[in-house]
Amino acid sequence: MGTPSGWRLIVLRAKGERIADIEYQGAKRMSAVPQDRRSPPFANGAKDGAPSSSFGERRWGEGKSDGASLTGPGQASRRTPKRRVVDCEGMGNGFDISLERLTGIGVPAVGGAVDGERPPLKGGVNAPGVGASSGNRAGMGRSVAAPLHGQTQDAGGRGTFYLETFGCQMNEHDSEKVAGVLLARGYKQVESVEAASVILYNTCSIREKAAQKVFSRLGEYRFSQKQGQIIGVLGCLAQQEGEDIFARAPWVSLVCGSASYRKLPQLIAELEAGNRRVTGLETDTNETFETEMTRRDNPWRAYLTIIEGCDKACSYCVVPFTRGPERSRASSSILEEVRQLADMGYTEVQLLGQTVNSYADPGARKMRFSELLVAVAAVPGIRRVRFATSHPRDFGKDIVDAMEAVPAICEHVHLPVQSGSTTMLRAMARTYTREDYLEKIALLRAAKREISLTTDIIVGFPGETEKDFEETLGLLDAAQFDGAFSFKYSPRPNTPSLRMKDAVPEEEKSRRLAILLEKQREIQRARNERLVGETFEVLVEGESRREQQWSGRTSSNRVVNFTSREEESLGDYVQVKVTAATPNSLVGEAVGG
Ligand code: SF4
């Protein structure tokens, strides 16, 4: 199954001028972009010859956040357009880029602000959305306490909301569900804070910089909040700081953690009824955050959270505190949603969880995680199944066996190690030793199908000696990771490591990170160069501004930038022969088209 038949890509300039309107039917592009207007600048604002931002995936607890360095699969080349247009400011002019499913069900989006309001959602359950607000700051902080006006209320008096997301894939998917919850109650999503009656920030607190960024964003409302405008903080920072947020930013009136998102309409209604401040901060719930409607932002890959929270209690991590204990979603419910996604035309799904492979089916079928992978892959229409993030302790041979047996389960595992030193792993409370981890890798490397392996690494954890660090470098040699999210240790509130002695100085952390990155880069270069001459199936996810150039991902999650003599369709699958390699991506040409 290729591209869902019937799509329209529309690109508008800020003033409403339509500069591209491309209609796709199945694998064919029916109408072309004018030559001089081909491939408008996307979210990253990259111009030919200039680097653009990655569209690599963001991780949570286990992984990258602000200040982290990403190498490896997941890092896109400069030609890869970001799928979510998030910041038009750097481009000098705004663009609205939308991709409409012409069948009328859904409207996956890559959209920036134009007129401040999204078109109404057409679909039912799991309907893809229109536009994306992640990171979009258009219109922020300019007017001082101006009253709300008509645009913030629809004809029926319902409110409008602006939602911005920080952090990992879990947060991004939570935001899709938050939007679904509010849209289902009649709220309209808008692309500018000025047009919103409710402004929501779905936040990350995994590292200090991420939390600072949120407070800095909130600070912009000190003088610019409109009368009656509700400003709310969601996510990990909300859970971590709780009501203290009201003291730091008194203009905030709603604080809500991920376990309470279902209550958001009720909390907003309480504020609209005159309550000054409301909170939803419970974590002792058995509920997973299931919604009747999810507004999906990614046109090609649908995310499903199958397990919430974490029971692992790593000594540096806020996730168990901010997201609560592990709660899994019943396999019957997951499979039903996958079937709906397949009906909508999605061919790739990604199962999410802080420790996704710790999944424990609460339903009658009591499926193991590996069985769930197989069942999801068996849903007609599903062609790729991804999962992240795995915890080494719960990673067993049954998962490798499932990957070997079922080609639709993508051959990529993200297995955070954090350190190559058993002493450090103990201090981190990671529940495995260096040797245990290497045994897991041996399982993966012994598979008949080559499985790409990526990881997360922390340098400069309290007490990390030069010897400990060298053991981590040695582990890179032994493991031969295909990619690594590496970052400097950042102390977080409410974590045991906060009280640990022997902090490593910042300069030393930076030195170690630089050494580690350089070593890992060379490993990736060598690993990718082995693939030159091979042919892979690539899901087309982006079109370059250059003629006949495209980008996409292999099943192993490698980014491939390739040329094709055909007019490829976004969302289609093509065979690509690799002709060159860099540490972070492959270069190739489509074959057999
Ligand atoms: S506590 Fe849980 S989410 Fe945090 S790093 Fe450990 S396993 Fe990952």
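Residues numbered from 1 in each chain as written. Predicted model: local features only at pLDDT ≥ 70, side-chain atom pairs only at ≥ 80, totals over all residues.

### A few points about the overall build of the protein
If you tally the helices and strands in the protein, you get 13 helices and 23 strands. The buried share among the 593 residues of the protein stands at 55%. (Helix = DSSP H or I, 4+ residues; strand = E, 2+ residues; numbered from the N terminus. Buried ≥ 20, exposed ≤ 12 C-beta atoms within 10 Å, placed from the backbone.)

### Remarks on the sheet that holds strand β8 (residues 198-203)
An order of β7-β6-β8-β9-β10-β11 is seen for the six strands of this open sheet, with the pairing classed as parallel. The open sheet has two free edges, formed respectively by β7 (188-189) and β11 (278-280), since each of these has just one partner strand. Where strand β10 (residues 254-256) and β11 come together, three bridges link them in parallel fashion. Across the sheet, residue V255 finds its bridge partner in β11, namely T279. In the packing of helix α1 (residues 169-184) onto the sheet, contacts are made with β6 (160-165), β7, β8 and β9 (230-235), and the angle to β6 comes to roughly 175°. (Pairing = 2+ DSSP bridges. Contact = placed C-beta atoms within 7 Å. Axes fitted to C-alpha atoms, helices over the stretch in contact; angles between N-to-C directions.)

### Some points on the packing of helix α12 (residues 466-479) against helix α13 (residues 506-529)
For any two helices packed against each other, one specifies the crossing angle of their axes together with the interaxial distance. Contact pair α12 / α13: the axes reach a minimum separation of 10 Å and the direction vectors enclose 10°. Taken together, the axes of α12 and α13 are roughly parallel relative to one another. Across from F469, T472, L473 and L476 in α12, the residues of α13 making contact are R512, L516, K519, Q520 and I523. Residue composition of the contact of α12 with α13, grouped by class: five nonpolar, two polar and two charged. (Parallel < 35°, antiparallel > 145°, perpendicular 65-115°, else oblique. Nonpolar A, V, L, I, M, F, W, Y, C, P; charged D, E, K, R; others polar.)

### With respect to the environment of S497
With respect to the element layout, S497 can be found in the loop between β18 (483-488) and α13. Using a count of 21 C-beta atoms within 10 Å as the deciding quantity, one classes S497 as buried. When the C-alpha positions of S497 and S315 are compared, they lie 5.2 Å apart, and in sequence the two are 182 residues distant. Sequence-distant contacts of S497, that is, excluding residues within four places in its chain, are made with S315, Y316, P462 and P491.

### Quick word on the confidence of the model for the protein
Overall, the predicted model of the protein reaches an average pLDDT of 77, with 72% of residues at or above 70. Low pLDDT, under 50, characterises residues 1-157; the stretch is placed with 398 contacts to residues that sit more than four places away or in other chains. (pLDDT = per-residue confidence, 0-100.)

### Some thoughts on the pairing of β6
Judged by how many residues are buried, β6 sits mostly within the fold: six of six residues are covered. Burial along β6 is two-sided: T160, Y162 and E164 facing one way and F161, L163 and T165 facing the other are all buried. Two elements, β6 and β7, share two bridges in a ladder whose sense is parallel. Residue pairing in the sheet places F161 in a bridge with Q189 of β7. In this fold, the crossover linking β6 to β7 by way of α1 has right-handed handedness. (Right-handed = clockwise from strand over helix to strand, strands pointing away.)

### Overview of the nonpolar core
Residues V178, L200, L304, V349 and V376 are the most contacted members of the largest nonpolar core, which totals 109 residues. Element by element, the count of residues in this core is highest for α1, at six residues. Split by domain, the residues of this core number at least three in each of domain 1 (113-297) and domain 2 (301-528). Those residues in contact with V376 that sit more than four places away from it in its chain are L335, V338, V349, L351, I382 and V385. Within the second largest apolar cluster, 18 residues are counted, among which are W550, V560, L570 and L586. (Core = buried A, V, L, I, M, F, W, Y, C linked by C-beta atoms within 7 Å. Domains from an automatic or database assignment.)

### Quick look at the pairing of strand β14 (residues 348-353)
Counted residue by residue, β14 has six buried out of six residues, so it is predominantly covered. Here β14 shows two buried faces, one formed by E348, Q350 and L352 and the other by V349, L351 and G353. Direction of pairing for strand β12 (residues 301-308) relative to β14: parallel, over a ladder of six bridges. Counted as the bridge partner of L304 is L351 from β14. Examined bridge by bridge, β14 and strand β15 (residues 384-388) share five bridges and lie parallel to one another. Bridge pairing in β15 places Q350 opposite R386.

### Here we look at unusual backbone geometry
A388 connects to T389 through a cis peptide bond whose omega is 0°. If you trace the backbone, T389 turns up in the loop between β15 and α9 (397-405). For K366, which is not a glycine, the phi torsion comes out positive at approximately 50°. Note that K366 resides in the loop between β14 and α8 (369-377). Phi angles above zero are rare outside glycine, and Q480 is one such case at about 50°. Note that Q480 resides in the loop between α12 and β18.

### Observations regarding the environment of P583
Among the structural elements, P583 can be located in the loop between β22 (573-581) and β23 (586-590). On the basis of neighbour count, P583 is assigned to the partly exposed category, with 18 C-beta atoms found within 10 Å. Expressed as a C-alpha distance, the spacing of P583 and Q520, which sit 63 residues apart in the sequence, is 8.9 Å.

### Comments concerning the sheet that holds β23
Judged by pairing direction, the barrel is mixed, and its five strands sit side by side in the order β19-β20-β21-β23-β22 before closing back on the first. Neighbouring strand axes in the sheet, compared pairwise and without regard to direction, differ in orientation by 50° on average.

### Some details on helix α2 (residues 208-219)
Between the first and last C-alpha of α2 there are 16 Å, a value that for twelve residues agrees with the 16 Å anticipated at 1.5 Å per step. Within α2 the residues assigned to the buried category are A210, A211, V214 and L218. All buried residues of α2 fall inside an arc of 100° around its axis, so they share one side. Within α2, the exposed residues directed more than 90 degrees away from the buried face are Q212 and S216. Against β8 and α3 (236-241) lie the buried residues of α2. (Expected span 1.5 Å × (residues − 1). Arc of directions from axis to C-beta.)

### Focus: α8
An α-helical turn contains 3.6 residues, so a residue and the one three or four places further along point in the same direction. Within α8, the full set of buried residues consists of F369, S370, L372, L373, V376 and A377. End-on, the buried residues of α8 take up no more than an arc of 160°, which puts them together on one face. Tucked into the core, α8 has its buried residues touching α7 (331-344), β14, β15 and α9.

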